[in-house]
Amino acid sequence: GERAVDDVRSVANQLLRRQFLFAGDRGATHAYEVVTGSRFRGYFTALFDALGYRLRISETEQWVGLLPDPELDLFPKMRTEQTIALLVLALAWQDAANRGAAEARAVVKTTLNEVLERYRDIAGRNRKEALTSARFEDALREFARRGLVWVGDWDPEAAASEIEIR
């Protein structure tokens, strides 16, 4: 019916806009259920394949995402600072997961300060940083737009922002 058509359109647009949807996000639970349900799963897989994406679903961690098909090479590459920030976030997530500190849906909570400190340790304190705090925060905002992280408001008392790495 019309409602199903509207749902499918809405979910497809959400995925194209955000790239990743987590069932725990406000307003994303229904979209997650539409994509992962047996009724439309094949449709979404075929649709995004035709657009040059591979649909990835993690039912355990309750997320769906679109990854560009690497064989097509149609999509823009990430900027260097985004790549560095993403690698640092991945390392922070993996370390926390190895310690058993991941929460429901494999979410790892940390702060902007902790992630920046980790980057500085990796980059070496005596060398000039390739990634400033401001550029790191810009990369985080882009990842938040895509649904890969959640960044909380600045807490002046703690002098930090909370980050959830997904």
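Refer to the structure above for everything that follows.
Our subject in this report is the structure included herewith. All residue numbers here refer to positions counted from 1 along the written sequence of the relevant chain. Two thresholds apply to this predicted model, a pLDDT of at least 70 for residue-level local features and 80 or more for giving and counting side-chain atom pairs, whereas whole-chain, interface and lining totals are computed over all residues. Excluded from the side-chain calculations are hydrogens and water; all other atoms, namely the structure's heavy atoms, are used.

## Remarks on the pattern of salt bridges
This is how the line gets drawn: Salt bridge criterion: a side-chain nitrogen from Lys or Arg within 4 Å of a carboxyl oxygen from Asp or Glu. Remark: exposure states derive from per-residue accessible area (1.4 Å probe, protein chains only) relative to the maximum for the residue type, with buried under 20%, exposed over 50%, and partly exposed in between. Elements are defined by DSSP. Helices are runs of H or I of four residues or more, strands are runs of E of two residues or more, and each kind is numbered from the N terminus.
All told, the structure shown has 13 salt bridges when counted by the stated rule. Here Asp-25 and Arg-18 are joined by a salt bridge, their closest N and O atoms 3.6 Å apart. For Asp-25, a relative accessible area of 15% translates into the label buried. Here Glu-142 and Arg-145 are joined by a salt bridge, their closest N and O atoms 2.8 Å apart. Remark: Arg-145 and Glu-142 occur in helix α6 (residues 133-145); sequence separation between them is 3 residues, near one turn of the helix.

## Here's the deal with α6
Defined as follows: The span one expects for a helix is its residue count, reduced by one, times 1.5 Å. The directions from the helix axis to the C-beta atoms form the arc being described. Residue contacts are defined here by distance: any two heavy atoms, one from each residue, within 4.5 Å place the two residues in contact.
The end-to-end C-alpha distance of α6 is 18 Å, a good match for the 18 Å that 13 residues give at a rise of 1.5 Å each. Restricting attention to buried positions, one finds in α6 the residues Phe-136, Ala-139, Leu-140 and Phe-143. The buried side chains of α6 occupy one side of the element, clustering within an arc of 105 degrees when seen end-on. As for α6, its buried residues are in contact with α4 (80-98), α5 (112-123), β5 (149-155) and β6 (160-165). With its phi angle positive at about 85 degrees, Gly-147 sits one or two positions after the end of α6.

## Quick word on the sheet that holds strand β2 (residues 53-58)
Filter applied, for reference: At least two bridges found by DSSP between two strands is the condition for calling them paired. An axis is simply a line fitted to the C-alpha atoms; with a helix, the fit covers only the stretch in contact. Between two such axes, the angle follows the N-to-C directions and lies from 0 to 180 degrees.
Taken together, 3 strands build an open sheet; the order of strands is β1-β3-β2 and the sheet is antiparallel. The sheet is open, and its two edges are formed by β1 (20-22) and β2, each paired on a single side. Across the sheet, the mean angle separating the axes of adjacent strands is 15 degrees when strand polarity is ignored. Strand contacts of helix α3 (residues 41-50): β2 and β3 (63-68), with the helix running at about 145 degrees to β2, the strand carrying the most contacts.

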